[in-house]
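Fold and geometry: a report
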Amino acid sequence: MAIRVYVLFAVVVLVGVFTGGAQAQLLGLNLLNITGIVPCSIGGSINAANSPVFPYAGVQLVCNGNVISSTTTNSNGVFSIVTGLTTSLLNLLTSGCKIVVNTPLVNCNVALPSTGTLQSGLLGGLGGLGGLGSLVNGLLGGILNLGTQGFNFLP
């Protein structure tokens, strides 16, 4: 019985995606909000809570190689990307989205490399049981909120 509910739920969401924004808005699902803190640090799986922040860094939502949206961090290294959900839902379903910092790290600390990028996957995405909860909350509230998994430096 539970599988039927999930399948029906997925069909309703996909109908909204493939038939355009009007149907998706009827479901109340119209915005994707991704928030995070960009660290000024290198390494694998950087803990932003224990690192200095990267103020005024360029941040992009990249899905399957395409820039979907971009913004700049504030003075505390915090960013928020808000975009229409219908343009991003299929990419999220296929886990093809990530956050990419396109400002060189040397801009926040001259001792850091001038090449390479910080990247993070999305937390609360549509994979797994926790992701289903995020999607249900998004359907009910009209905004699907996601965060970052943790930034990694890619040389």
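Residues numbered from 1 in each chain as written. Predicted model: local features only at pLDDT ≥ 70, side-chain atom pairs only at ≥ 80, totals over all residues. Heavy atoms only, no water.

**Here's the deal with the environment of phenylalanine 54**
Going by this rule: Counting from the N terminus, the helices are the DSSP runs of H or I reaching at least four residues and the strands are the DSSP runs of E reaching at least two. Note on contacts: a residue pair is in contact if any heavy atoms of the two residues lie within 4.5 Å.
Here phenylalanine 54 is to be found in the loop between strand 1 (31-37) and strand 2 (58-63). Taking the C-alpha atoms as reference, phenylalanine 54 lies 9.5 Å from threonine 103; in sequence the two are 49 residues apart. Those residues in contact with phenylalanine 54 that lie beyond four places of it in its chain are Val38, Pro39, Cys40, Thr73, Gly77, Val101, Thr103, Pro104, Leu105, Asn107 and Cys108.

**Things to note about the state of the cysteines**
In plain terms, the rule: Note on terminology: disulfide denotes any pair of cysteine sulfur atoms within 2.5 Å. Accessible area is worked out with a 1.4 Å probe on protein chains only. A residue is then buried under 20% of its type maximum, exposed over 50%, and partly exposed in between.
Taken as a whole and judged by the stated rule, the model has two disulfides. Disulfide partner of cysteine 40: cysteine 108, at an S-S distance of 1.9 Å. Taking the torsion about the S-S bond as the criterion, the cysteine 40 to cysteine 108 disulfide, at about 90 degrees, is right-handed. With cysteine 40 in the loop between strand 1 and strand 2 and cysteine 108 in the loop between strand 5 (97-101) and strand 6 (117-120), the pair connects residues that are 68 residues apart, well separated along the chain. Residue classification places cysteine 40 among the buried residues on the basis of a relative accessible area of 5%.

**Considering the side chain of threonine 103**
Heads up, the condition is: Contacts described as polar in this section are N or O atom pairs within 3.5 Å, which, within protein, must combine one atom able to donate a hydrogen with one able to accept it, while residues neighboring in sequence count only if both atoms come from side chains.
Its location among the elements puts threonine 103 in the loop between strand 5 and strand 6. For threonine 103, a relative accessible area of 17% translates into the label buried. Within the structure, the side chain of threonine 103 is placed 2.7 Å from the backbone nitrogen of glycine 58, a separation counted as a polar contact. Residues in contact with threonine 103, not counting those within four places in the same chain, are Phe54, Ala57 and Gly58.

**Let's talk about the confidence of the model for the protein**
The test is simple: pLDDT measures how confident the predictor is about each residue, on a scale from 0 to 100.
Across the protein, the average pLDDT comes to 74, with 61% of residues at 70 or higher. Element-level mean pLDDT values for the protein span from 41 in helix 2 (residues 21-26) up to 94 in strand 2. Note on residues 126-130: pLDDT is under 50 here. Beyond four places in sequence and across chains, it has seven contacts.

**Concerning the sheet that holds strand 1**
Our working rule: Paired strands, in this sense, are two strands between which DSSP finds at least two bridges.
Overall, mixed pairing links the four strands, which are arranged 4-1-8-7 in an open sheet. Sheet topology places strand 4 (78-84) and strand 7 (122-123) at the edges, where each strand pairs with a single neighbour. In this structure, strand 1 lies alongside strand 8 (residues 143-148), joined through four bridges in parallel fashion. Counted as the bridge partner of isoleucine 34 is leucine 146 from strand 8.

**Description of the environment of threonine 83**
By the element assignment, threonine 83 lies in strand 4. A residue is classified by how much of its surface remains accessible, and threonine 83, at 11% relative accessible area, is buried. Between the alpha carbons of threonine 83 and isoleucine 34 there is a distance of 8.7 Å; along the sequence they are 49 residues apart.

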